[in-house]
Amino acid sequence: MNTLTSAPLAPLLNYLFELADNMAHPTNEAFHAMSDEEQNRLMQSKTDYLELYGHLKNVPLAVSRETGKLLYMLARSSRAQSIVEFGTSFGISTLHLAAAVRDNGGGQIITSEFEPGKVALARNHFADAGVSDLIEVRVGDALHTLSAEMPTSIDMLVLDGAKAIYPEILTLVEPYLRPGALIVADDADFSPEYLTRVHSGNGYLSLPFNDGVEVSMWLGRSQ
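Residues numbered from 1 in each chain as written. Predicted model: local features only at pLDDT ≥ 70, side-chain atom pairs only at ≥ 80, totals over all residues. Heavy atoms only, no water.

Enquirer: Before we move on, could you go through the overall build of the protein and cite the residues and values that matter?
Expert: Across its full length, the protein carries ten helices and seven strands. Relative to its full complement of 223 residues, the protein shows a buried share of 52%. Taking contacts inside the protein between residues at least 6 apart in sequence as the whole, the part at least 24 apart equals 72%. Counting every atom, the protein has about 10200 Å² of accessible surface; 54% of that belongs to carbon and sulfur. (Helix = DSSP H or I, 4+ residues; strand = E, 2+ residues; numbered from the N terminus. Buried < 20%, exposed > 50% of the residue type's maximum accessible area, 1.4 Å probe, protein only. Contact = heavy atoms within 4.5 Å. Areas by Shrake-Rupley, 256 points an atom, 1.4 Å probe, with all protein chains shown as cover.)

Structure below.
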C-alpha cells in the first residue's frame, strides 16, 4: 500500500478523473466557440494566454491517468522532496506529486494557478486527501508568483499551464534546479520553443513520452 493507491487519496482521484471525463464536452465547446485562428493566436501568445484560460476557468484541464502515474513514479523513484508545478487547475497532477512526496518522507510542493475558483477547489481537494501540509498554492500569474522566494534546491519541475510561456517558467526555475532534477512538460508539442531549448543539449537530456509529454533531466551548466 502507498499514498497513491490508498484512501482517502485514491477514491478522490477516481472521482476527479471521472469529473474530467464528463467535462470533456464543455471543454470542446469552449474551444469551438473560437475560430481556429483565434485558438492558435491565444495558444501561442506570450501576453494573451490569460484570456484563453479564462475561457476554460470551469474546466479541470486534467492530465491523463497515465501521466498522473508517471508523475508519481518519477517523483517517487527520484526521492523528490522539493517540487515546483506550473498550472494547478483542480489539483489532479498536484495530488499525484503530493502522494510521492508523502511516500518519500515529506517535503514541499509549490504550485501556481491564476484562476481563483480553481484554487479554491484545489485546496478543498488537497484537504480531503490529507496532503494540504505538503502544498503551497501561489495565486496569480506564474511569471510573477514563481519569480521569488523559491527553494534553494528543486528536485522536479512540472509544466502544465500556458504552453507559450514554458520557456519563461523554465528560465525562472532553472537556477534552483539541482543536477539530475527532472522536468516534465505536458502537451509540450504546443511549445516548440521549449522543445528546442531542452533538445539543444545545453544542460539538458530530453525525450518524448506518451500523450505529448516531454521528460527532461537538468544536468547543469558546463563551466
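From this point, the discussion proceeds with the structure in view.
Enquirer: Can you explain the sheet that holds strand E4 (residues 154-159)? Please cite residues and give values.
Expert: Strand order in the open sheet made by the seven strands is E3-E2-E1-E4-E5-E7-E6, with mixed pairing throughout. Edge positions in the sheet fall to strand E3 (135-139) and strand E6 (204-208), since each of these pairs with one other strand and no more. Each adjacent strand pair in this sheet contributes to an overall mean axis angle of 15°, direction not counted. Here strand E1 (residues 82-86) pairs with strand E2 (residues 108-113) via five bridges, running parallel. By the bridge assignment for E2, Phe86 is matched with Ser112. In this fold helix H6 (residues 92-103) packs onto E1, E2, E3 and E4, with an angle of close to 170° to the strand it touches most, E2. (Pairing = 2+ DSSP bridges. Axes fitted to C-alpha atoms, helices over the stretch in contact; angles between N-to-C directions.)

Enquirer: Describe empty space enclosed by the protein, with residues and values.
Expert: Inspection of the entire model under this criterion finds two cavities of 30 Å³ or more. As a volume, the largest cavity reaches approximately 40 Å³. Forming the walls of the largest cavity are Val63, Thr67, Leu71, Ser93, Val158, Asp160, Val184, Ala185, Asp186 and Val213. Considering only residue class, the lining of the largest cavity consists of six nonpolar, two polar and two charged. (1 Å grid on protein atoms, 1.4 Å probe; cavity = no way out; pocket = protein on both sides within 12 Å on 5 of 7 lines; lining within 4 Å. Points joined across faces, edges and corners; volume = space filled by probe spheres on them. Nonpolar A, V, L, I, M, F, W, Y, C, P; charged D, E, K, R; others polar.)

Enquirer: With reference to specific residues and values, describe the pattern of salt bridges.
Expert: Under the defined criterion, the tally for this structure stands at seven salt bridges. One salt bridge connects Arg102 with Asp133, and the closest N-O pair in it is separated by 2.8 Å. Linking Arg102 in helix H6 with Asp133 in the loop between helix H7 (116-129) and E3, this pair joins segments that are 31 residues apart in sequence. Among the residues examined, Asp133 registers a relative accessible area of 56% and is labelled exposed. Between Asp160 and Lys163 there is a salt bridge; the shortest N-O distance is 3.5 Å. Residue classification places Lys163 among the buried positions, given a relative accessible area of 7%. (Salt bridge = Lys/Arg side-chain N within 4 Å of Asp/Glu carboxyl O.)

Enquirer: Could you give an account of the nonpolar core, with specific residues and numbers?
Expert: Counting 36 residues, the largest nonpolar core has Leu9, Ile83, Leu95, Leu97, Val131, Ile135 and Met156 as its most contacted members. Within the residue set of this core, elements represented by two or more residues are helix H1 (9-22), helix H5 (65-77), H6, H7, E3, E4 and strand E5 (177-185). Other than its neighbours up to four places away in sequence, Ile83 contacts Ala75, Leu97, Val101, Gln108, Ile109, Ile110 and Met156. (Core = buried A, V, L, I, M, F, W, Y, C linked by side-chain atoms within 4.5 Å.)

Enquirer: So what's going on with the packing of aromatic side chains? Which residues, and what values?
Expert: Applying the stated criterion across every chain yields a total of three aromatic pairs. An angle of 80° between the planes, with centres 6.2 Å apart, marks the rings of Phe86 and Tyr166 as edge-to-face. A residue pair is termed long-range when its members are at least 10 positions apart, and Phe86 in strand E1 and Tyr166 in helix H9 (residues 166-173) qualify at 80 residues. Residue classification places Phe86 among the buried residues on the basis of a relative accessible area of 7%. Judged by centre distance (4.9 Å) and plane angle (55°), the ring pair of Tyr204 and Trp218 falls under tilted. Highlighted residues: Tyr204 in strand E6 and Trp218 in strand E7 (residues 214-218), separated in sequence by 14 residues. Grouped by ring-pair contacts, the aromatic residues Phe86, Tyr166 and Tyr194 constitute a single cluster. (Phe/Tyr/Trp six-rings, centres within 6.5 Å; stacked < 30°, edge-to-face > 60°.)

Enquirer: Now, about a nonpolar patch on the surface: what can you tell me, with residues and values included?
Expert: Residues Leu205, Met217 and Leu219 make up a contiguous nonpolar surface patch of about 270 Å² in total accessible area. In this fold, Leu205 is placed in strand E6. For Leu205, a relative accessible area of 52% corresponds to the exposed category. (Patch = residues over 30% accessible without salt bridge, like charges linked within 9 Å, V, L, I, M, F, W, Y side chains within 5 Å.)

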